Amino acid sequence: QVQLVESGGGLVQAGGSLRLSCAASGRTFSSYTMGWFRQAPGKEREFVARIGWSVGSRYYADSVKGRFTISRDNAKNTVYLQMNSLKPEDTAVYYCAATERLYNLGVISGYDYWGQGTQVTVSS
């Protein structure tokens, strides 16, 4: 079992930055692929980014590529999402997720553990 707790959300103006954190507890953190998803009001939850046990294996949604950076610190059992050049369309609840699977890593069904989410609001 893995418990995930997100933090770092808030209100920011367009063009600003935020860094989200996700602290994990439970089983061996370093063996999990960690992902970030988001859900805007009235929309389905969507993939944002993921990082494997090797920090070289990072993938991003096209909508955030070049603006967001996912990273992890296995010593602290924490994954981060640095969000720069934020846009109003980035407004959503952001969720951290974890999985030991090796497939379907860009979709919700590929992840077994989820945090409670943290709200990010970008004003224009």
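The structure we're discussing is the one just above.
Note that residues are indexed from 1 along each chain, following the sequence as it is written. Note on the predicted model: pLDDT of at least 70 is required for a residue's local features to be given, and 80 or more for side-chain atom pairs to be given and counted; whole-chain, interface and lining totals, by contrast, use all residues. To get the side-chain values, all heavy atoms of the structure are used, and hydrogens and water are removed first.

**Points about the environment of cysteine 96**
Helix and strand assignments follow DSSP, with helices taken as H or I runs no shorter than four residues and strands as E runs no shorter than two, numbered in order from the N terminus. Within the fold, cysteine 96 resides in strand S9 (residues 92-99). Partly exposed describes any residue whose relative accessible area lies between the buried limit of under 20% and the exposed limit of over 50%, with all areas from a 1.4 Å probe on protein chains only and scaled to the type maximum. Look at cysteine 96 and you get buried, because its relative accessible area is 0%. Linking cysteine 96 and serine 7, residues 89 residues apart in sequence, is a C-alpha distance of 9.9 Å. Sequence-distant contacts of cysteine 96, defined by excluding residues within four places in its chain, comprise Leu4, Glu6, Cys22, Met34, Gly35, Trp36, Val79, Tyr113, Trp114 and Gly115. By definition in these notes, contact holds between two residues if any of their heavy atoms fall within 4.5 Å.

**Quick look at the pairing of strand S1 (residues 2-7)**
The two faces of S1 differ: Val2, Leu4 and Glu6 on one face are buried, but Gln3, Val5 and Ser7 on the other face are not. Pairing between strands is defined by DSSP: at least two bridges between them are needed. As defined by bridge partners, S1 adjoins strand S3 (residues 18-26) across 6 bridges and the pair is classed as antiparallel. What sits directly across from valine 2, in S3, is glycine 26.

**Observations regarding the nonpolar core**
Membership of the largest hydrophobic core comes to 36 residues, with the highest contact counts inside it found for Leu4, Met34, Trp36, Val79, Leu81, Met83 and Tyr94. Contributions of two or more residues to this core are made by S1, S3, strand S4 (33-39), strand S5 (46-51), strand S7 (68-73), strand S8 (78-83), S9 and strand S11 (118-123). Of all the elements, S9 adds the most residues to this core, at 5 residues. Throughout, nonpolar core names a set of buried Ala, Val, Leu, Ile, Met, Phe, Trp, Tyr and Cys residues whose side chains join them through atoms within 4.5 Å.

**Quick word on the pattern of salt bridges**
A carboxyl oxygen of Asp or Glu within 4 Å of a side-chain nitrogen of Lys or Arg is what we treat as a salt bridge. Tallied over the entire structure, the rule returns 5 salt bridges. Of the charged contacts, one joins arginine 38 and glutamate 46 as a salt bridge, the two residues approaching to 2.7 Å between their closest N and O atoms. Overall, the relative accessible area of 6% leaves arginine 38 in the buried class. Three or more residues joined by partner-sharing salt bridges are found here, namely Arg38, Glu46, Arg67 and Asp90.

**Concerning the pairing of S4**
The element S4 is largely enclosed, with a buried count of 6 among its 7 residues. Of the pairings in the sheet, the one linking S4 to S9 comprises 7 bridges and is antiparallel in character. Its bridge partner lying in S9, glycine 35 is registered against alanine 97. With 5 bridges connecting them, S4 and S5 associate as antiparallel partners. Across the sheet, residue methionine 34 finds its bridge partner in S5, namely isoleucine 51. Between S4 and the antiparallel strand that follows it, S5, lie 6 residues; glycine 42 among them carries a positive phi value of about 75 degrees.

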